[in-house]
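Residues per chain are reported as follows:
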Amino acid sequence: MASRRDNIGPASVTILLLALAGIACWFLVAPPLSAVAGPRYDITRMVLYYSTLPRLATALIAGAALALSGALLQQVLRNPLADPTTLGISAGANLALVVASLFVPGLLGAGRDFIALSGSAAAAIIVVGLGARRGFSPYSLVLSGLVLSLWCGGLAAILTYLNESSLASLFIWGAGSLAQQSWVIPLSLLWRLALVAIVCALVIRPLSLLDLGESGSAALGVRLVRLRFIVIAAAVALAAFVTSAVGVIGFIGLVAPTLARLAGARRPAQLIFWSPLIGANLLLLADSVLQLVAGELGDFLPTGAVTAIFGSPLLLALLPLLKIRHRIQPSPFRQQKHGLPATAVMALAAICLLVVLAAGIFLGRDETEGWHLVSGGLAGDILAIRIPKVVAALASGAMLAVAGTILQRLTSNEMASPEVLGISAGATFGVAIALIAVTPGIAGQFTFAAVGAIGVLAVIVVSSRRSSFAPERVLLAGISLSAMVDAVVGVLSSSGDPRAAILMRWMSGSTYLVDATTAQIEAVAAVLLLSVTFLARRWLDLLPLGPAPAAAIGVPLAKSRFALFGLAGLMTAAATLTVGPLSFVGLMGPHLAREAGLRRALPQMVCAALIGASLMVAADFVGRTIVSPYQIPAGLVSALIGAPFLMLMLRRKA
């Protein structure tokens, strides 16, 4: 009886979504139905049979597959934040397809599914391998997945940037395009989904026993290693099949199981049954509404981006109701027994920065002379071009690192950073609106970027305040907002506006167009904002103790949090204007400073600023010289350097 009551809620959600999707589909299908009785080769009839109906079927099947993949991952990993997007599985498949399209296009004809499976499997092995060393804790899994997603996304962006003419068509597809010209894709996805569904039916009972804990389930005969391998392989296969067929469609695998769970699905069997039904209707509704609103442009707008626009506000609205069983235990301020004195650590960081600055300013490389120092009559002209870029990279890296330090200390969450929480994406959204609608100068761009960054921060604070900034809720709110903002930017970029190309180049984080004026503005902004932040070091030392102790000592809680979050938003906005939203420095700088043994706010911020500046200057130098005479954007290079390093650090800390 209880089981039947538990099914009422998920069934109601499914029926509601189906009804809404059915209404939208009727408006799509009804006009062409009049052509059914017409000539055999009527164009309207052909479009209905071979484009509209296959697209609707693809939406249903892809939504079900992604939702089932997310439900399987959440159940077997005991992690309510797990899905193909947050664990980097979809990003791995997308990167594999981009690499194959560029270097071995012949493999695409032989088997796209195999390529996507290879990329997804590699991503899953990395993430699950790191998670296994920490007992599959939700924190380590999601952090590893987000890091890997940023790395795969950065590398794919670099390849697209360097081969824009040959990979331009991948942009809309990579964002999740459901446009179809035949029944080939939906039919191929259908039988693949059926095979995995059979596997799921066979493992439902052992999955249900996982609720008893590892020791309890093992005592009843469950082989945990084999079960995890089978279930994760099935989830990876589903995500890879969908990515291979229609590109990356994010959020369905996270939202659908969440809706099922909130609607009352308690047992694993219920979650695995209802999640695909909810996911199928959710994606069908999103795609149908997209086609109705976009009209003739519906084939060119990425459905995956639109799905994120729909899914993010929904998940944010439901976030206060979500009861997460597996708490992410924060440990950003645990003490280390050994380490160098703070002054020695900061001195080493300063020396590293000076070395990197010297290389970035005076060392160059070209096809004729190879590596060489700047000299001769052109030295003045070369330095006049190079120094502003180095200064802008230095200032941006320092600001991002300190912004990350503020966020991590205020939320007691090692995962918090401008990149992960979507603050950089918010600044990007502001700049996108500015470029598309207004086209302002540098001051106007900074204003729009600041409004976007602080707006995202405000939503995160409001949505997480009731839970006292519980790390898992802050993380989930950040993932939601980041996906939504990225989706809006993706829709703007695919609109066909010539300014979208400028936006894409700017998002890559290139310092190529930085001049002396821009560098001066960045430097002044960095000096002012960092100085104010350093003056607030007492607040940052006391607020992590908790609201009651901090208030007892005399810290104005509301005022201090508002000021510090505002400073983090302003620094993120200023830095994003130069190095784009994918720099990764806001996560790397604080982590490395903490690993060096720095716990007090001021030494940690100073060291993080030095490390962040060094990383960005080094990224700018590598991007300028590694494939000379071409330049790789510094923001993307820093992500490619930072992500593997952070993964190694996570592995060492296990």
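Residues numbered from 1 in each chain as written. Predicted model: local features only at pLDDT ≥ 70, side-chain atom pairs only at ≥ 80, totals over all residues. Heavy atoms only, no water.

**Student:** So what about the overall build of the protein? Which residues, and what values?
**Tutor:** Scanning the protein for helices and strands turns up 27 helices and 2 strands. Counting the 654 residues in the protein, one finds 56% classified as buried. Long-range contacts, defined as pairs at least 24 residues apart, comprise 80% of the intrachain contacts of the protein with a sequence gap of at least 6. (Helix = DSSP H or I, 4+ residues; strand = E, 2+ residues; numbered from the N terminus. Buried < 20%, exposed > 50% of the residue type's maximum accessible area, 1.4 Å probe, protein only. Contact = heavy atoms within 4.5 Å.)

**Student:** Residues and numbers for the environment of Tyr-512, please.
**Tutor:** Take Tyr-512: it is sitting in the loop between helix H20 (499–507) and helix H21 (516–535). Overall, Tyr-512 belongs to the exposed group, its relative accessible area being 52%. Tyr-512 sits 122 residues away from Ala-634 along the chain, and the two C-alpha atoms are 9.2 Å apart. When neighbours within four sequence positions are excluded, Tyr-512 is seen to be in contact with Lys-389 and Gln-631.

**Student:** I'd like a rundown of the pattern of salt bridges, residues and numbers included.
**Tutor:** One pass over the full model with this rule turns up 4 salt bridges. The salt bridge partner of Asp-287 is Arg-55, with a shortest N-O separation of 2.8 Å. Here the residue Asp-287 occupies a position in helix H13 (residues 268–294), and Arg-55 occupies one in helix H2 (residues 43–77), the gap between them amounting to 232 residues. Assessed through its relative accessible area of 0%, Asp-287 is described here as buried. One salt bridge connects Arg-600 with Asp-541, and the closest N-O pair in it is separated by 3.5 Å. Separated by 59 residues along the polypeptide, Arg-600 in the loop between helix H25 (585–595) and helix H26 (601–625) and Asp-541 in helix H22 (residues 537–542) bring together distant segments of the chain. Through salt bridges with shared partners, a single ionic network connects Arg-409, Asp-541 and Arg-600. (Salt bridge = Lys/Arg side-chain N within 4 Å of Asp/Glu carboxyl O.)

**Student:** I'd like to hear about the nonpolar core, residue by residue, with values.
**Tutor:** Core analysis: the largest hydrophobic core is formed by 175 residues, its most contacted members being Leu-72, Leu-207, Leu-564 and Met-571. Considering every element that reaches this core, the biggest residue donor is H2, with 15 residues. With near-sequence residues (within four places) excluded, Leu-72 lies in contact with Cys-200, Leu-207, Val-231, Ala-234, Ala-235, Leu-238 and Ile-272. Ranked by size, the runner-up nonpolar core spans 8 residues in total, among them Ala-96, Leu-97, Ala-100 and Ile-115. (Core = buried A, V, L, I, M, F, W, Y, C linked by side-chain atoms within 4.5 Å.)

**Student:** Explain the packing of H21 against helix H24 (residues 557–579) residue by residue, including any values.
**Tutor:** In the contact formed by H21 and H24, the axes pass within 10 Å of each other and the chain directions differ by 160°. On the basis of the axis angle, H21 is roughly antiparallel to H24. Where H21 crosses over H24, the two elements pack in a sense that is left-handed. Along its contact with H21, which presents Glu-522, Ala-525, Leu-529, Leu-530, Val-532 and Thr-533, the element H24 presents Leu-567, Leu-570, Met-571, Ala-574, Ala-575, Leu-577 and Thr-578. In terms of residue class, the contact of H21 with H24 is made up of 10 nonpolar, 2 polar and 1 charged. (Axes fitted to C-alpha atoms, helices over the stretch in contact; angles between N-to-C directions. Parallel < 35°, antiparallel > 145°, perpendicular 65-115°, else oblique. Left-handed = near helix turned anticlockwise from the far one by under 90°. Nonpolar A, V, L, I, M, F, W, Y, C, P; charged D, E, K, R; others polar.)

**Student:** Go over helix H5 (residues 112–132) with me, naming the residues and quoting the values.
**Tutor:** For H5, spanning 21 residues, the distance from its first C-alpha to its last is 30 Å, which sits close to the expected 30 Å at 1.5 Å a residue. For H5, every residue scored as buried is listed here: Asp-113, Ile-115, Ala-116, Gly-119, Ser-120, Ala-123, Ala-124, Val-127, Val-128, Leu-130 and Gly-131. (Expected span 1.5 Å × (residues − 1).)

**Student:** Mind laying out the packing of helix H3 (residues 89–103) against H5, listing which residues take part and the relevant values?
**Tutor:** Interaxial distance between H3 and H5 falls to 7 Å at its minimum, and their mutual angle equals 135°. In terms of orientation, H3 lies oblique with respect to H5. In this structure, the crossing between H3 and H5 has a hand that is right-handed. Contacts between H3 and H5 involve Ile-89, Gly-92, Ala-93, Ala-96, Leu-97 and Ala-100 on the former and, on the latter, Arg-112, Ile-115, Ala-116, Gly-119, Ser-120, Ala-123 and Ala-124. Considering only residue class, the contact of H3 with H5 consists of 9 nonpolar, 3 polar and 1 charged.

**Student:** Can you lay out H3 for me, pointing to particular residues and giving the numbers?
**Tutor:** What sets the pattern is the α-helix's 3.6 residues per turn: residues three or four places apart point alike. Over its 15 residues, H3 extends 21 Å from the first C-alpha to the last, a length consistent with the 21 Å expected when each residue adds 1.5 Å. Across the 15 residues of H3, 11 count as buried, placing the element largely inside the fold. Inspection of H3 places Ile-89, Ser-90, Ala-91, Gly-92, Ala-93, Asn-94, Leu-95, Ala-96, Leu-97, Val-98 and Ala-100 among the buried residues, and these make up the whole buried set.

**Student:** Explain the packing of aromatic side chains to me, using residue names and the numbers behind them.
**Tutor:** Within the structure shown, the criterion is met by 2 aromatic pairs. A ring pair is formed by Phe-273 and Trp-274, whose centres lie 4.9 Å apart and whose planes are at 85°; its orientation type is edge-to-face. The buried category is assigned to Trp-274, whose relative accessible area is 12%. Cation over ring: Arg-192 sits above Phe-241, and NZ or CZ is 5.4 Å from the ring centre. (Phe/Tyr/Trp six-rings, centres within 6.5 Å; stacked < 30°, edge-to-face > 60°. Lys NZ or Arg CZ within 6 Å of the ring centre and 35° of its normal.)

**Student:** Please set out the confidence of the model for the protein residue by residue, giving values where relevant.
**Tutor:** In this model, the protein carries an average pLDDT of 80, and 80% of its residues clear a pLDDT of 70 or more. Segment residues 325–337 is flagged for pLDDT under 50; beyond a separation of four residues in sequence, or across chains, it makes 34 contacts in the model. (pLDDT = per-residue confidence, 0-100.)

**Student:** A description of the environment of Leu-56 should follow, citing residues and the corresponding values.
**Tutor:** On the secondary structure map, Leu-56 appears in helix H2. Looking at Leu-56, the relative accessible area reads 9%, which means it is buried. Filtering out sequence-adjacent residues up to four positions away, Leu-56 remains in contact with Cys-25, Leu-28, Val-29, Leu-284, Ser-288 and Gln-291.

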